[in-house]
Amino acid sequence: MVSKKTLFKMKIALVSPHFYPSTKFGGPVISLWGLCKELSSKHEIFVYTTSSGQKEVNFHDNFSYKEIHKNIKCKYYSELFNKYFSFYLIKNIINDLKDKDLIFIQYVFSYTSLIALLASITLNKKIVISPRGSISSYGISSKRKFLKLFWLYFFYYPFLNKITWHATSAVERDDIRNYFSNSKIEIIYDGVNLKDFGCEKNKNLNKILDLFSIKNQKINKVFCSLGRLEKVKRYDLLIQAFERFIEKDKTSCLIIAGYDFGQKKILLDKIKSFNNIFLVGHLEKEEKKILLRNSNFFILTSDYESFSISTIESLASGVPVIISKNIPWQDVEENECGLVTKNDISSIVSALERSKFVNFKPESCLNFVKSRFDWNIIANNFCKTFLS
């Protein structure tokens, strides 16, 4: 039962190393922005973040709120050393949090997370932490493993009785349990605003070809992928698999969109001689809609995803998906809106071949999203779980 207090506006503090409009950091930033907008219809949201990845914000004032949406106020604290330190955030965090009802902390291996945690404990606040996939075997082993383990057990373990963990999927819940077995963990999915997507009744391939100035007139089928160009996405595997696939099917193309996180040059070297594979960089909102709505399949072959908002956005656009077994939504096959593959070249080629012989309906894709990932459902679950 929801307490009477949730009927009134509550003050939610969100602390994150980066926040909207810094969408270069991908799904978590996009999801947080969507959640904040939905929650702001009933509650007051106060965001404390840094200048990391920001271009559109004036940082001369480190002490005033910027109202970026109705009932969403944000302080963008400038960092003395990019990604490493904001004196202003540290100086003001106690004062910022003291009158808030809930402290919602994003990530764990960030100084902003640690400072917010210690301040919240000092103030005896209700604390919810969302690791965003960072507490996982992959996330910990990928870089600075022993430092991360030390960080987890020295800074977080002593305060487990004061922390509620927010997992965005059952996969992430199990990952957190592997390290903190007796912790309180709640699953609240990320979501999408279905009004922002929706499917095209008649796909128009030319909209995609014109958008990216693709001249290959033989193309009649588009596979797309959205995500940061980083190792975990395994675009190297996808490109090699697609090269094999188009040896027999030269009428298909692969379009990969996303900010470069160190992999662009490596990937470009792999696709030099192919005019059916395109890296198109970051897409703005309307460009992404055109790509998703008019593609035949979305494909993602990551080594690890705690959620994968791009998969859900594709389904919300009525587009079926091909995803690796390392992505949480393995039931897309039984719900007739996608295919699941092992993460090796031959298996990915096989899945691409299988896509020729399936006829997934856009309605099945939309129904998969409506029942679980609509922001109204997510926000209600968040309030019942964390604000009661």
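The following paragraphs examine the structure supplied in this document.

About the cut-offs
- Residues numbered from 1 in each chain as written.
- Predicted model: local features only at pLDDT ≥ 70, side-chain atom pairs only at ≥ 80, totals over all residues.
- Heavy atoms only, no water.
- Buried < 20%, exposed > 50% of the residue type's maximum accessible area, 1.4 Å probe, protein only.
- Helix = DSSP H or I, 4+ residues; strand = E, 2+ residues; numbered from the N terminus.
- Pairing = 2+ DSSP bridges.
- Contact = heavy atoms within 4.5 Å.
- Polar contact = N/O pair within 3.5 Å; in protein donor to acceptor, adjacent residues only side chain to side chain.
- 1 Å grid on protein atoms, 1.4 Å probe; cavity = no way out; pocket = protein on both sides within 12 Å on 5 of 7 lines; lining within 4 Å.
- Points joined across faces, edges and corners; volume = space filled by probe spheres on them.
- Nonpolar A, V, L, I, M, F, W, Y, C, P; charged D, E, K, R; others polar.
- Axes fitted to C-alpha atoms, helices over the stretch in contact; angles between N-to-C directions.
- Parallel < 35°, antiparallel > 145°, perpendicular 65-115°, else oblique.
- Phe/Tyr/Trp six-rings, centres within 6.5 Å; stacked < 30°, edge-to-face > 60°.

Most of strand 2 (residues 44-50) sits inside the fold, with six of its seven residues counted as buried. Bridge count between strand 1 (residues 11-15) and strand 2: five bridges; the pairing is parallel. Residue pairing for strand 2: Ala13 is matched across the bridge by Phe46. Pairing of strand 2 with strand 4 (residues 72-77), which is carried by six bridges, proceeds in the parallel orientation. For Thr49, the partnering residue across the bridge sits in strand 4 and is Tyr76.

Turning our attention to unusual backbone geometry. Across the chain, the bulk of peptide bonds are trans and the bulk of non-glycine residues have phi less than zero. Of note in the backbone geometry, Tyr107 takes a positive phi value of approximately 70° without being a glycine. Tracing the chain through its elements places Tyr107 in the loop between strand 5 (102-106) and helix 3 (111-122). A residue is classified by how much of its surface remains accessible, and Tyr107, at 15% relative accessible area, is buried. One non-glycine residue, Glu336, lies in positive phi territory at about 55°. Mapped onto the secondary structure, Glu336 falls in the loop between strand 13 (321-324) and strand 14 (338-341).

Of the residues making up helix 13 (residues 362-370), those classed as buried are Ser364, Cys365, Leu366, Phe368 and Val369. In the core, the buried residues of helix 13 are packed alongside helix 11 (309-316).

In this fold, Ser183 is placed in the loop between helix 6 (170-179) and strand 8 (184-187). Ser183 gets classed as buried once you look at its relative accessible area, which sits at 13%. A polar side-chain atom of Ser183 sits 3.4 Å from a polar atom in the side chain of Trp165. The residues contacting Ser183, other than those within four sequence positions of it, are Leu160 and Trp165.

This part covers the layout of surface pockets. Quantified by volume, the second largest pocket comes out at close to 200 Å³. Forming the boundary of the second largest pocket are Lys203, Lys221, Asn296, Phe297, Gly318, Pro320, Ser355, Lys356, Val358, Asn359, Phe360 and Pro362. Broken down by class, the residue content of the lining of the second largest pocket amounts to five nonpolar, four polar and three charged.

Where helix 11 contacts helix 13, the two axes come as close as 7 Å, and the packing angle between them is 130°. Comparing their axes, helix 13 and helix 11 come out oblique. Listed contacts from helix 13 to Ile312, Leu315 and Ala316 of helix 11 are Cys365, Leu366, Phe368 and Val369. Residues of the contact of helix 11 with helix 13, tallied by class, amount to seven nonpolar, no polar and no charged.

Most of helix 11 sits inside the fold, with eight of its eight residues counted as buried. Those residues of helix 11 that sit buried are Ile309, Ser310, Thr311, Ile312, Glu313, Ser314, Leu315 and Ala316. Tucked inside the fold, the buried residues of helix 11 contact helix 1 (27-39), strand 9 (221-226), helix 10 (285-294), strand 12 (297-300), strand 13 and helix 13. Positive phi appears at Gly318, one or two residues downstream of helix 11, with a value of about 80°.

Another aspect to go through is the packing of aromatic side chains. Scanning all chains against the criterion turns up 28 aromatic pairs. Judged by centre distance (5.1 Å) and plane angle (10°), the ring pair of Phe150 and Phe154 falls under stacked. Taken together, the residues span about one helical turn, with Phe150 and Phe154 both in helix 5 (residues 145-156) at a distance of four residues. Pairing Phe223 with Phe242 gives two aromatic rings, centres 5.7 Å apart and planes at 70°, and the pair type is edge-to-face.

Before going further, it helps to examine the sheet that holds strand 7 (residues 163-167). In space, the eight strands of this open sheet follow the order 3-4-2-1-5-6-7-8, with mixed pairing throughout. Since the sheet does not close on itself, it has two edges, and those belong to strand 3 (66-69) and strand 8, each with one partner. Shown here is a sheet whose adjacent strand axes are inclined to one another by a mean of 25°, direction ignored. Where strand 6 (residues 126-130) lies against strand 7, three bridges are found, and the strand directions are parallel. Its bridge partner lying in strand 7, Val128 is registered against Thr164.

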